[in-house]
Amino acid sequence: MMFPIRIEIIPTEGIVEQVQALVPKTTTLSVTSLPHHGIERTMRTAVELSDAGYTVVPHLAARSLRSRAELTEIVRLCDAAGIREVFVIGGDRKEPAGVYDSALPVLEDIAQYSGGMMRVGVAGYPEGHPLVSPVDLLDDLLAKQHLAMHVVTQMCFSAGKIHDFAALLRREGVHLPLWAGVAGSVPRTKLVALAGQIGVGSSLKFLSRKGPLARKLLSGDRYSPDSLIAGLESQPGKIAGIHLYSFNSLDSVPGNSFPAGPDQASTSALQAALIRGAARDN
């Protein structure tokens, strides 16, 4: 089978030009939000890519939003730019910048401000969360699901854990489609170089917590997700698609490795992505 695939990029300097040079317009792009970048950079990059003809999903970190007025302006900006979907997380910021301390109230306000027209994705944690109990994570998803369109998992290196997580959600009453968060084919040297740009705390520290499989990313020449994808494909129907975490390493990928599609590349484009690796707070 062929999973649909989205590619997550980091809004670093020059990424818009890099994407335009290497990624077909049929590919859906997810633009991450890191604490030290701020939502402004995420939105600026998302709008530029949308104006260039891409389907774009900006990340909104609740604890980085300064006010309801700022969220209203973001919804207005998305509407003007033709952006119809966002991804809402709590965010890695320790202290909220404004009134939002978690994703749920942001989802509620987006639904109100957009008249229910804005699609929203939310985060899931197959291997748990360092700061939130499994029961609370599940309760949070149950509370969010009437406002969300799908769940995107934190980066995971085990098909079994992702399948188990999918089964848990269904069993407990969360029926949103599940997109598996997968690290793409990652050149080690690129990983280390970009880690310096996006912050060691949101990349290498995250990887070091994920065990031997993840640490393969930090040794050898390249990590390959092929066996993970094969494992996910072994149980059809559980996974809606692949969310490929990108370290913006798109330069080694020929453009024709992306087959045409309505708004997404397919898993034959796995060589196109890498990893962001930022742990997502609820």
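Residues numbered from 1 in each chain as written. Predicted model: local features only at pLDDT ≥ 70, side-chain atom pairs only at ≥ 80, totals over all residues. Heavy atoms only, no water.

**Student:** Teacher, can you tell me more about the pattern of salt bridges here?
**Tutor:** Close approach of charged atoms allows side chains of opposite charge to pair. Enumeration according to the criterion identifies 7 salt bridges in this entry. A salt bridge links glutamate 40 to arginine 66, with the shortest nitrogen-to-oxygen separation between them at 2.8 Å. Placement of glutamate 40 in helix 2 (residues 38–51) and of arginine 66 in the loop between strand 3 (55–61) and helix 3 (68–81) is noted, with a sequence separation of 26 residues between them. Exposure remark for glutamate 40: the relative accessible area of 39% places this residue in the partly exposed category. Glutamate 85 is paired through a salt bridge with arginine 119; the nearest N and O atoms lie 3.9 Å apart. Separated by 34 residues along the polypeptide, glutamate 85 in strand 4 (residues 85–89) and arginine 119 in strand 5 (residues 119–124) bring together distant segments of the chain. Here glutamate 85 falls in the buried class, since its relative accessible area comes to 3%. Here the salt bridges share partners, and the residues they tie into one network are Arg6, Glu85 and Arg119. (Salt bridge = Lys/Arg side-chain N within 4 Å of Asp/Glu carboxyl O. Helix = DSSP H or I, 4+ residues; strand = E, 2+ residues; numbered from the N terminus. Buried < 20%, exposed > 50% of the residue type's maximum accessible area, 1.4 Å probe, protein only.)

**Student:** Quick question: what am I supposed to make of the packing of helix 5 (residues 134–144) against helix 6 (residues 159–172) here?
**Tutor:** For any two helices packed against each other, one specifies the crossing angle of their axes together with the interaxial distance. One can describe the packing of helix 5 onto helix 6 by two numbers: an axis separation of 11 Å at closest approach and a directional angle of 60°. Classified by the angle between their axes, helix 5 and helix 6 sit oblique to one another. Judged by the twist between their axes, the crossing of helix 5 over helix 6 is right-handed. Contacts between helix 5 and helix 6 involve Leu138, Leu141 and Leu142 from the first element and Phe165, Leu169 and Glu172 from the second. Here the residues of the contact of helix 5 with helix 6 are counted per class, giving 5 nonpolar, no polar and 1 charged. (Axes fitted to C-alpha atoms, helices over the stretch in contact; angles between N-to-C directions. Parallel < 35°, antiparallel > 145°, perpendicular 65-115°, else oblique. Left-handed = near helix turned anticlockwise from the far one by under 90°. Contact = heavy atoms within 4.5 Å. Nonpolar A, V, L, I, M, F, W, Y, C, P; charged D, E, K, R; others polar.)

**Student:** In this structure, what is going on with empty space enclosed by the protein? I would like to understand it.
**Tutor:** Where empty space is left becomes clear once a probe the size of a water molecule has been rolled over the atoms. Scanning the entire structure with this criterion turns up 1 cavity of 30 Å³ or more. Approximately 50 Å³ is the volume found for the largest cavity. In this structure, the largest cavity is lined by Arg6, Ser30, Val57, Glu85, Phe87, His150, Val152 and His243. For the lining of the largest cavity, the per-class residue count stands at 3 nonpolar, 3 polar and 2 charged. (1 Å grid on protein atoms, 1.4 Å probe; cavity = no way out; pocket = protein on both sides within 12 Å on 5 of 7 lines; lining within 4 Å. Points joined across faces, edges and corners; volume = space filled by probe spheres on them.)

**Student:** When you look at the pairing of strand 6 (residues 150–153) in this model, what are you seeing that I'm missing?
**Tutor:** Side chains on a regular strand alternate between the two faces of the sheet. Side chains of strand 6 alternate between two faces, with His150 and Val152 and Val151 and Thr153 buried alike. Where strand 5 lies against strand 6, 4 bridges are found, and the strand directions are parallel. Each bridged residue has a counterpart across the sheet, and for alanine 123 the counterpart in strand 6 is valine 152. Where strand 6 lies against strand 7 (residues 178–183), 2 bridges are found, and the strand directions are parallel. Residue valine 151 lies in a different strand from strand 7, and its bridge partner there is leucine 178. (Pairing = 2+ DSSP bridges.)

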